[in-house]
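# A structural walkthrough
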Amino acid sequence: MTPPLHFSTLAVHAGRRPTPEDPDLSPPIRRATTFLQHPAVHELTDAGDWETPLVYSRYGAPNAADAEEVLAALEGAERAVLFASGMAAIHAMLMHVFPDGRGRIALARQIYGGTTALLSKALTSLGFEVSLFDVRDTADLTAALDEGAGLVHVEGISNPAVAVADLPRLADQAHRAGALLSVDSTFATPVVQRPLEHGADLVVHSATKALAGHSDVTAGVVLGSAARMESVAGYRKLTGAILDPAAAWLLRRSLSTLGLRVAAQCRAASALAQALKERAEVTRVHYPGLADDPGHGLASRVLEGGLYGSMLAFELAAGDEGTRAFVSRLQLAVDAPSLGGVETLVSIPHLMSHTGLSEAERLGVGFGPGCIRVACGIEHPEDLVADFVGALGAG
Ligand code: PLP
């Protein structure tokens, strides 16, 4: 294919193409766990190359490789390495940066709770150390880097208050201190932001979310340079968390419609944010697409094509006590803890992702009492607005 092709074209045509020998438009699901070793394969494996030839399913397999090629093309990365979940991908990425199992990470406070838990419950006992910093605060990161952090890890758009990270500034700060920048780009997807173009060294996604997009696949991916990904794939081979062929097939199929789905989700989020802002029952709306959102100027610089993401959060005047009752009045949006699917989901951060945090700690992360997180799906924006406005009005 002749570069540069547009995103929507790559989403359909990157990777495997039908040939006379392999004519299926939709690739077969290849379930084999082991493959014939013949002289051409022996030549490669005898020379130490266990990656190029098909050898054994844990080392690499055709459906995962198909999806990886498309993911790499969409993210603008040299290579992608697929995992059985987002957490397995984050774990492998951390072990790639700190292969001897010790080192300091500057971790944004505005980060998925599972990432914090991985570090605090599993990796600090090995020798990982964490310096927390506020992703919006330059001096705070400087302090974390002064403590010797070798990796800065952030989310480009974070949970739940959709704070936008200034990736070019973060990459610059990290690199000046001799550290790497890794970005969890799950909320943004490559439709809204491609962190490698802003100076990041490594990108991870929970592909369970918009990349797979239909709430029926658990997957994760790490992306970056070929050399880095060789090491990440080597770790995957050792630890075994490769994605199953059927899940990889579903993921690859979903990627063809990623741009359409995410654009529709962003339109829905924008309409909903505008509508919620007008309501007396709502004290605050967090959405970087709103002109008066504190992150709007930055978002307009670092996010793509006038899209501000599919996620928003808002705070009810009724406070925490009003959140469960509000959610129970929604007719379309579903109370479920994920994002990026075709259906709109809501969750209550103080009861779910940020349970146990004091009010002051929640304010530190960027959200106040009565907060509801909304992950927009692809429903018609007018129907979604009517659902939320109806639930507010009936309170
Ligand atoms: N990163 C973010 C931003 C997430 O929201 C999640 C899950 O919700 C993960 C990583 C972990 O992904 P998975 O559930 O696929 O392991």
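Bear in mind that the values here come from a model prediction, so they are computed numbers and not experimental data.

## Description of the environment of Ala386
Within the secondary structure layout, Ala386 lies in helix α15 (residues 381–393). Spatially, the C-alpha atom of Ala386 lies 9.3 Å from that of Ala275, the residues being 111 residues apart in sequence.

## Some details on the domain arrangement of the protein
Taken domain by domain, the protein comprises domain 1 (7–30 + 61–255) and domain 2 (259–393). Listed per partner, the contact involves 31 residues of domain 1 and 33 residues of domain 2. Together, the buried faces of domain 1 and domain 2 total about 2600 Å²; carbon and sulfur atoms form 63% of this surface. Looking at the side of domain 1 facing domain 2, the largest losses of area belong to Pro160, Val164 and Val192, adding up to 23% of the total buried there. Here domain 1 is connected to domain 2 by two salt bridges. The salt bridge partner of Asp166 is Arg301, with a shortest N-O separation of 3.9 Å. Our enumeration of links across domain 1 and domain 2 arrives at eight residue pairs in polar contact (both at pLDDT 80 or more). Here the side of domain 1 that touches domain 2 gets three residues from one element, more than from any other, and that element is helix α8 (residues 189–192).

## Focus: the site of the ligand
Around the ligand sit Ser85, Gly86, Met87, Ile90, Tyr112, Glu155, Asp184, Thr186, Ser206, Thr208, Lys209 and Ala219, and that is every residue in its neighbourhood. Thr208 is positioned with one of its side-chain polar atoms (N or O) 2.6 Å from an oxygen atom of the ligand. In the complex, the protein chains occlude 88% of the 390 Å² of accessible area that the ligand would expose alone. Per-element tally for the shell around the ligand: the top contributor is helix α4 (residues 86–97), with three residues.

## Concerning the nonpolar core
Ranked by internal contacts, the top residues of the largest apolar core, which has 74 residues, are Leu251, Leu312, Phe314, Phe326 and Phe388. Here this core takes nine residues from helix α11 (residues 258–277), the largest share from any one element. Per-domain counts for this core show at least three residues from each of domain 1 (7–30 + 61–255) and domain 2 (259–393). Once you skip the residues sitting within four places of it in the chain, Phe326 turns out to touch Phe314, Leu316, Ile372, Phe388, Ala391 and Leu392.

## Topic: the sheet that holds strand β9 (residues 311–316)
Reading across from one edge, β8-β9-β12-β11-β10 is the order of the five strands in this open sheet, with mixed pairing throughout. Each edge of the sheet is formed by a strand with only one pairing partner; in this case those strands are β8 (282–286) and β10 (334–335). For strand β11 (residues 345–347) and strand β12 (residues 371–375), the ladder comprises three bridges, and the chain directions are antiparallel. For Ser347, the partnering residue across the bridge sits in β12 and is Arg373. Here α11 sits on the sheet and contacts β8, β9 and β12; the angle it forms with β9, its principal contact strand, is near 15°.

## Brief notes about the packing of α4 against helix α5 (residues 113–123)
When two helices pack together, their arrangement is given by the angle between the helix axes and by the axis-to-axis distance. Running from amino to carboxyl end, α4 crosses α5 at an angle of 55°, the nearest separation of the two axes being 11 Å. When the axes of α4 and α5 are compared, the pair comes out oblique. Crossing handedness for the pair α4 and α5: right-handed. Contact residues: Met87, Ile90, His91 and Leu94 in α4; Gly114, Thr115, Leu118, Leu119 and Leu123 in α5. Its residues assigned to classes, the contact of α4 with α5 shows six nonpolar, three polar and no charged.

## Overview of the side chain of Asp320
Tracing the sequence through the fold places Asp320 in the loop between β9 and α13 (323–329). One polar contact links Asp320 to Arg362, side chain to side chain, over a distance of 2.9 Å. Setting aside residues no more than four positions away along its own chain, Asp320 makes contact with His350, Arg362, Pro369, Gly370 and Cys371.

## Things to note about the pairing of strand β1 (residues 79–83)
Burial runs high along β1: four of the five residues are buried. Pairing between β1 and strand β7 (residues 220–224): five bridges, direction antiparallel. In the sheet register, Arg79 faces β7, and the bridge partner there is Gly224.

## Points about the sheet that holds strand β4 (residues 151–155)
Strand pairing in a sheet relies on backbone hydrogen bonds, with the paired strands running either antiparallel or parallel. Reading across from one edge, β1-β7-β6-β5-β4-β2-β3 is the order of the seven strands in this open sheet, with mixed pairing throughout. With partners counted over all chains shown, the strands left at the sheet margins are β1 and β3 (128–133), one partner each. Put simply, the sheet's adjacent strands are angled 20° from each other on average, direction ignored. Here strand β2 (residues 103–108) pairs with β3 via six bridges, running parallel. Of the residues in β3, the one forming a bridge with Arg104 is Glu129. With respect to the sheet, α5 is in contact with β2, β3 and β4, its orientation differing from that of β2 by roughly 155°. Against the sheet, helix α7 (residues 167–176) engages β3, β4 and β5 (180–184), with an angle of about 145° to β5.

The rules behind each value
Residues numbered from 1 in each chain as written. Predicted model: local features only at pLDDT ≥ 70, side-chain atom pairs only at ≥ 80, totals over all residues. Heavy atoms only, no water. Helix = DSSP H or I, 4+ residues; strand = E, 2+ residues; numbered from the N terminus. Domains from an automatic or database assignment. Contact = heavy atoms within 4.5 Å. Buried area = accessible area lost by both parts, 1.4 Å probe. Salt bridge = Lys/Arg side-chain N within 4 Å of Asp/Glu carboxyl O. Polar contact = N/O pair within 3.5 Å; in protein donor to acceptor, adjacent residues only side chain to side chain. Near = heavy atom within 4 Å. Areas by Shrake-Rupley, 256 points an atom, 1.4 Å probe, with all protein chains shown as cover. Core = buried A, V, L, I, M, F, W, Y, C linked by side-chain atoms within 4.5 Å. Buried < 20%, exposed > 50% of the residue type's maximum accessible area, 1.4 Å probe, protein only. Pairing = 2+ DSSP bridges. Axes fitted to C-alpha atoms, helices over the stretch in contact; angles between N-to-C directions. Parallel < 35°, antiparallel > 145°, perpendicular 65-115°, else oblique. Left-handed = near helix turned anticlockwise from the far one by under 90°. Nonpolar A, V, L, I, M, F, W, Y, C, P; charged D, E, K, R; others polar.

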